Amino acid sequence: MRLRLVRQGTKINFMGMARPGVALSGLSIVASFVAFFMMGLNFGIDFRGGTMITAATEEPADVGTYRETLGGLGIGDFAVTEIFDPAAEFTGSVPNQVTIRIEQEGDDANIQQQVILDVKAALSETFPGIKYLQTDSVGAKVSGELVQAGILAIVLAIGAVLFYIWLRFEWQFSVGAVAALVHDVILTIGVFAITQIEFNLSIIAAILTIVGYSLNDTVVVFDRVRENLRRFKQTDLGEVLNLSINETLSRTLMTSVTTLLALVALYVLGGDVIRGFTFAMIWGVLVGTYSSVFIASPILHRLDVKRDWSKTDGGGGAGTQFANIDA
């Protein structure tokens, strides 16, 4: 027996819900911008520059003692966070871990190296037998380059999507798909500004993955729309969109649910190291699924699309001459 999350023949009027859906997205985008400009992002050392030391002790970590020890060193701003790994006894990972983040002060690498030596010496004296599992240091200049590279990666990814969808379908489809991707990226950045979860290079990787996931959902819907446009040339575009979304709804939900099962398991059992990445992915799957239905499709409906796919555009700017290329 085949498992179906949505019964066959479902006829949900998604286009009838498009206006409140777009309004909700508009408000969410405004809230994301407000949060970003008022609260900012909690950048990790990848983007701010500084040092991160991961240490472990035999006894349970006393964060207060760590802070007291480091406070007398005059090393500037620092933060100590206990790493909680609920799966430690199953995975065999080192228990009683803490991360120490020390912000970069100046561009002198020698000064930063001396800070690392001082911190380790002080901690070794306070916690005999302490183990240093990892030490990462990023200079201010490198962190600035990483910010630029991260932004460029996202912009190029969205630009490549725009070009691909234009070749695969028509320009109206491209606008809808890219609007959905921009929507997903803005809301992801907004939720990180609101929650103040650390924003680092792994989150950039998550955003790029979200772009690919959202695009996959959108292309599946758009491909069915194109098929139905050929079959129902006299049917209202809104009805064709509703039909196409309903026909692909079971597949969309099945993909989203199975992906979320894996991500939730990683979020709960994966520990603090990958929690930011998995949180971004969970959020991205939710908003990516939403935007494929309530952003990309309503924009396509608003822009309208050529109904006679048997003819070329006679000058072509729509890109339909490539519509039969196999993906």
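The shown structure was predicted, so the numbers you read here are calculated from the model rather than taken from an experiment.

Parameters at a glance
Residues numbered from 1 in each chain as written. Predicted model: local features only at pLDDT ≥ 70, side-chain atom pairs only at ≥ 80, totals over all residues. Heavy atoms only, no water. Helix = DSSP H or I, 4+ residues; strand = E, 2+ residues; numbered from the N terminus. Buried < 20%, exposed > 50% of the residue type's maximum accessible area, 1.4 Å probe, protein only. Contact = heavy atoms within 4.5 Å. Areas by Shrake-Rupley, 256 points an atom, 1.4 Å probe, with all protein chains shown as cover. pLDDT = per-residue confidence, 0-100. Core = buried A, V, L, I, M, F, W, Y, C linked by side-chain atoms within 4.5 Å. Expected span 1.5 Å × (residues − 1). Bend = angle between axes of the 7 residues up to and from the residue. Polar contact = N/O pair within 3.5 Å; in protein donor to acceptor, adjacent residues only side chain to side chain. Salt bridge = Lys/Arg side-chain N within 4 Å of Asp/Glu carboxyl O. 1 Å grid on protein atoms, 1.4 Å probe; cavity = no way out; pocket = protein on both sides within 12 Å on 5 of 7 lines; lining within 4 Å. Points joined across faces, edges and corners; volume = space filled by probe spheres on them. Nonpolar A, V, L, I, M, F, W, Y, C, P; charged D, E, K, R; others polar.

**Q** How should I be thinking about the overall build of the chain in this particular structure?
**A** Across its full length, the chain carries 10 helices and 6 strands. Every one of the 327 residues in the chain was classed for burial, and the buried ones make up 43%. For the chain, the share of sequence-separated contacts (at least 6 apart) that also reach a separation of at least 24 residues comes to 78%. Put simply, the chain shows about 17,000 Å² of open surface, and 62% of that area lies on carbon and sulfur atoms.

**Q** Is there a simple way to explain the confidence of the model for the chain in this structure?
**A** Should the pLDDT be low somewhere, the predicted coordinates at that spot are not to be read in detail. Confidence in the prediction of the chain, expressed as mean pLDDT, is 77, and 81% of residues score 70 or more. Ranking the helices and strands of the chain by mean pLDDT puts helix H1 (residues 18-39) first, with 90, and helix H4 (residues 88-91) last, with 53. Residue range residues 311-327 is modelled with pLDDT below 50. Its contacts to residues more than four positions away, or to other chains, number 30 contacts.

**Q** What is the right way to look at the nonpolar core in this model?
**A** Core analysis: the biggest nonpolar cluster contains 51 residues, and Ile-165, Phe-173, Phe-192 and Phe-199 have the highest contact counts within it. For this core, the secondary-structure elements that each account for two or more residues are helix H6 (140-168), helix H7 (171-195), helix H8 (201-231), helix H9 (237-269) and helix H10 (275-303). The biggest single contributor to this core is H8, with 13 residues. Of all hydrophobic cores here, the second largest spans 17 residues; its members include Ala-61, Ile-75, Ile-102 and Leu-123.

**Q** Even after reading the chapter, I still don't get H9, so can you show me in this structure?
**A** Two residues of an α-helix separated by three or four positions point the same way, owing to the 3.6 residues in each turn. Given a rise of 1.5 Å per residue, 33 residues ought to cover 48 Å, and the 46 Å separating the end C-alpha atoms of H9 matches this to within 8%. A bend of about 45° at Leu-249 is the largest found in H9. The N-cap of H9, judged by a side-chain oxygen 2.9 Å from the amide nitrogen of Gly-238 a few residues on, is Asp-236.

**Q** It is not clear to me how the side chain of Glu-198 should be interpreted in this structure. Could you clarify?
**A** Relative to the helices and strands, Glu-198 resides in strand E6 (residues 198-199). In this structure the side chain of Glu-198 is engaged in a polar contact, spanning 2.7 Å, whose partner is the side chain of Arg-101. If we ignore the near neighbours within four places in the chain, the residues touching Glu-198 are Asn-42, Phe-43, Gly-44, Arg-101, Phe-192 and Ile-203.

**Q** Hey, could you run me through the pattern of salt bridges in this one?
**A** Should the charged atoms of two oppositely charged side chains come close, the side chains can pair. In this structure the tally under the stated criterion is 5 salt bridges. For Arg-101, the salt bridge goes to Glu-198, with nearest N and O atoms at 2.7 Å. With Arg-101 in strand E4 (residues 97-103) and Glu-198 in strand E6, this pair connects stretches of sequence that are 97 residues apart. Glu-247 is the salt-bridge partner of Arg-224, the closest N and O atoms lying 3.0 Å from each other.

**Q** Got a minute to help me understand the layout of surface pockets in this structure?
**A** If a probe the size of a water molecule is rolled over the atoms, the empty space left behind becomes visible. Within this model, the largest pocket holds a volume of roughly 800 Å³. What lines the largest pocket is a set of 32 residues, and nearest its centre among them are Met-52, Arg-101, Glu-198, Asn-200 and Asp-272. Counted by class, the lining of the largest pocket contains 12 nonpolar, 10 polar and 10 charged residues.

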